[in-house]
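For reference, the chains in residue letters:
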Amino acid sequence: MISQDSSRRRFLQRTLAAGGALLLSGCDQLSHSAWFTKLLGSAEKLNFASQRLLLPRKAMAQEFTEADLSPFFRSNGTSNPDNPEYQALAANGFAAYRLQVGGLVARPRSYSLDELKALPSRTQITRHDCVEGWSAIGKWKGVPLSRVLEQVKPQPSARYAVFYCADPMDVVGTRYYESIDMEDAWHAQTLLAYEMNDAPLPVKNGAPIRVRVERQLGYKMAKYIMQIHLVDRLDDIAGGKGGYWEDRGYEWYAGI
Amino acid sequence: MPPPDKAAGVRTIWYRRHTWPIRLMHWINVLAFIVLLMSGLQIFNAYPALNWGKSSYSGQPPILQMGARLDAEGNPMGVTRVIGHEFNTTGVLGVSAGMDGQLAQRGFPAWITLPSQQWLAMGRRWHFFFAWVLVINGLAYIAYTLASCHLTHDLVPNRADWRSIGQSIKDHLLLRQARGEAARYYNILQKLTYLGVIFVLFPLVILMGWAMSPGLNTLFPGWVDVFGGRQSARTIHFVVAWLLVGFVFIHVFEVVISGFWNNLRSMITGRYRIGGSEDD
């Protein structure tokens, strides 16, 4: 009995030691394997499905008061696009800026900044949650994207709004882009914002236009928007995942 | 010659201490908790500070902050600030050696984060997948403990338990273990600790995780402010995670001193021995 028991102990000891080593080094290997990261990624579909099931379509993000405003609104990612065309627009106060809206719409068109400002606006004080973990509260004024959609009239096949941006993210000039589905595109708080904290949107926060998607994380809220394209699929755009960060492993649905 | 225990007349009793669903759910929980802790620290490292309130930029300094600066000799130094007090934590917090051995600026060190390198997107994947594992496993556990009466029989303190609380505190401080029939049952401190972990700490850490979701924030706008705001929720999430780590340390310590192999076996095969020795 004694020898059997001590061999059982040795077995358990080895199992524990092997288990620990497997956990530490194996997890790093698993993080690089396609099948396992895909399995882990299935949680995103669960998060998306359960949040869409649980939350009403029109559920509003919390709005705050002037007293809650962050004294400093952090700029993250690009703070000044390294792009000569953008710099030329900025130098001229975005007078020559045109937002192109097209794709699966009945009436594609472009908007100058003044034309966007002439549309009915919405002002909201909301909390900006970065995927990194920090939050900042800012006041945004802009035209609801729904107002623009009403004018360009999306075709029934349109499923996503894709935002193409002016900021290159690397030396080869890969541009930032993002996408949201039509449910978020039509949402009352989804704005094409041109003012932050009662002043024209600063370059570091996305001038002349950034999108506000208040029920998701900050990386969905693309800055320096040059073009909005309505599409029925995302897999044929850039890396195929629906956004610059999505192509680099972040979730397309950033409601968590 | 018979073993001393037998000579003294102590009979060895084997019994089934834990049913298979409890054993299975215990180990699933172990795996999920380890992954959630380590991937959580990876996520923390993306913004290695904790704030109180609705936002991180409210004019108030962070409660906790990990950073780096150069010391007098020009060497990188890890600095951790806790409520205005500064500590040199080089090598562990703020600045530590990565898997390549090079000192680098990071909140928690590579050996405790998942993945080991700085990789927020992958940390989130691990975290959210195993969060579902933890929640589903936890719901199954609660359903099972209710249906099997494990909760009412074994975990909820009875009158005798409450009367024994003073003795139980004394026993724990003196590291005295229950023997014979008494070892069949959880003691009062054990019951209260398990109930606290199952019904307070785990639900709280999950709720504070949900409180950080901008999507779930819209369920009842403002519900997160009950806990002080989103950044407070993040801080509570962090603190409760470490309280759970504290529980794990005490739990494993008690497992070791009250008969490590006997306890471990009872959580693997279910068999638990009362009286006698391992070799019977």
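Our structure's up above, just so we're on the same page.
What you see is a predicted model; the values in this text were computed from it and never measured. Counting restarts for each chain, with residues numbered from 1 along the sequence as it is written. Each chain gets a letter, beginning with A, and each ligand a number, beginning with 1, in the order they are written. Reporting of local features is limited, given that this is a predicted model, to residues whose pLDDT is at least 70; pairs of side-chain atoms are given and counted only at 80 or more, and all residues count toward the totals for whole chains, interfaces and linings.

Chemist: Report on the overall build of chain A, specifying residues and quantitative values.
Modeler: In this text, helices come from DSSP runs of H or I with a minimum length of four residues, and strands from runs of E with a minimum of two, each type numbered from the N-terminal end. Looking only at helices and strands, chain A has six helices and ten strands in total. Expressed as lengths along the three principal axes of its C-alpha atoms, the size of chain A is roughly 90 × 45 × 40 Å. Exposure classes come from backbone-placed C-beta atoms, where a residue is buried if 20 or more other C-beta atoms lie within 10 Å of its own, exposed if 12 or fewer do, and partly exposed in between. Every one of the 256 residues in chain A was classed for burial, and the buried ones make up 40%.

Chemist: How would you summarise the sheet that holds strand 4 (residues 76-82) of chain B if you had to cite specific residues and measurements?
Modeler: Residues and elements named next belong to chain B. Strands qualify as paired when DSSP identifies two bridges or more between them. The antiparallel open sheet is built from four strands, whose spatial order is 2-3-4-5. Sheet topology places strand 2 (49-50) and strand 5 (85-88) at the edges, where each strand pairs with a single neighbour. Pairing of strand 2 with strand 3 (residues 64-70) involves two bridges; the strand directions are antiparallel. By the bridge assignment for strand 3, A49 is matched with Q65.

Chemist: Any chance you could break down the interface of chain B and chain A for me, citing the residues and the numbers?
Modeler: Note on contacts: residues are paired as contacts if their backbone-placed C-beta atoms lie within 7 Å. Contact residues are listed per partner, giving 37 residues for chain B and 45 residues for chain A. Of all the secondary-structure elements, those providing two or more residues to the side of chain B that touches chain A are helix 2 (20-45), helix 3 (120-147) and helix 8 (230-257) of chain B. Among the elements that make up the side of chain B that touches chain A, the one with the highest residue count is helix 3 of chain B (eight residues).

Chemist: Give a detailed account of the pairing of strand 1 (residues 98-103) of chain A, specifying residues and quantitative values.
Modeler: Residues and elements named next belong to chain A. Sheet topology note: the strand 1/strand 2 (residues 109-112) ladder contains four bridges and is antiparallel. If you follow Q100 over to strand 2, its bridge partner there is S110. Hairpin connection from strand 1 to strand 2: five residues lie between these consecutive antiparallel strands.

Chemist: Lay out the pairing of strand 10 (residues 225-231) of chain A with the relevant residues and their values.
Modeler: Residue and element names in this part refer to chain A. Burial within strand 10 is extensive, with five of its seven residues counted as buried. Across four bridges, the pairing between strand 1 and strand 10 is parallel. Bridged to G102 within strand 10 is H229. Two strands pair when backbone bridges link them, and strand 5 (residues 160-168) and strand 10 are joined in this way by six bridges, in the antiparallel orientation. Among the inter-strand pairings, Y164 is bridged to a residue of strand 10, identified as Q227.

Chemist: Go over the sheet that holds strand 1 of chain A with me, naming the residues and quoting the values.
Modeler: Residues and elements named next belong to chain A. Pairing is mixed across the open sheet formed by five strands, whose spatial order is 2-1-10-5-6. Single-partner strands in this sheet number two, and they are strand 2 and strand 6 (175-181). The average angle at which neighbouring strand axes cross in this sheet is 20°, direction not considered. Angular values range over 0 to 180 degrees, each being the angle between N-to-C directions of two axes fitted as lines to C-alpha atoms, with helices fitted over their stretch in contact.

Chemist: Report on helix 3 of chain B, specifying residues and quantitative values.
Modeler: For helix 3 of chain B, with 28 residues, the first-to-last C-alpha span of 40 Å sits near the 40 Å given by 1.5 Å per residue. Positive phi appears at B:C149, one or two residues downstream of helix 3 of chain B, with a value of about 65°. Any helix carries an expected span of 1.5 Å times its number of residues minus one.

Chemist: Explain the packing of helix 2 of chain B against helix 3 of chain B to me, and be specific about the residues and the numbers.
Modeler: Two packed helices can be described by the angle between their axes and the distance between those axes. Residue and element names in this part refer to chain B. Interhelical geometry of helix 2 versus helix 3 gives an angle of 150° and a closest axis separation of 8 Å. It follows from the interaxial angle that helix 2 and helix 3 lie roughly antiparallel. The way helix 2 lies across helix 3 gives a crossing that is left-handed. Amino acids are sorted into nonpolar (Ala, Val, Leu, Ile, Met, Phe, Trp, Tyr, Cys and Pro), charged (Asp, Glu, Lys and Arg) and polar (every other residue, Gly among them). Along the lines of polarity and charge, the residues of the contact of helix 2 with helix 3 split into 17 nonpolar, seven polar and one charged. Any angle that falls under 35 degrees is termed roughly parallel, while one over 145 is termed roughly antiparallel, one within 65 to 115 roughly perpendicular, and all others oblique. Helix crossings are classified by the rotation of the near helix relative to the far one: an anticlockwise turn of less than a right angle makes the crossing left-handed, while a clockwise turn makes it right-handed.

Chemist: Quick one: what's the story with unusual backbone geometry, residue by residue and with numbers?
Modeler: The step from A:A207 to A:P208 runs through a cis peptide bond, and the omega angle for that step is 0°. Structurally, the position occupied by A:P208 is in the loop between strand 8 (199-200) and strand 9 (210-212). Of note, the amide linkage connecting B:L114 to B:P115 takes the cis form, showing an omega dihedral of -10°. With respect to the secondary-structure elements, B:P115 resides in the loop between strand 7 (103-106) and helix 3. Although it is not a glycine, B:C149 adopts a positive phi angle of roughly 65°. Of note, B:C149 is situated in the loop between helix 3 and helix 4 (150-155).

Chemist: Run through the packing of helix 2 of chain B against helix 8 of chain B, naming residues and quoting values.
Modeler: Residues and elements named next belong to chain B. Interaxial distance between helix 2 and helix 8 falls to 11 Å at its minimum, and their mutual angle equals 145°. As for how helix 2 packs across helix 8, the hand of that crossing is left-handed. In contact with F33, L37, G40 and F44 of helix 2, helix 8 contributes F238, A241, L244 and V245. Tallied by class, the residues present in the contact of helix 2 with helix 8 amount to seven nonpolar, one polar and no charged.

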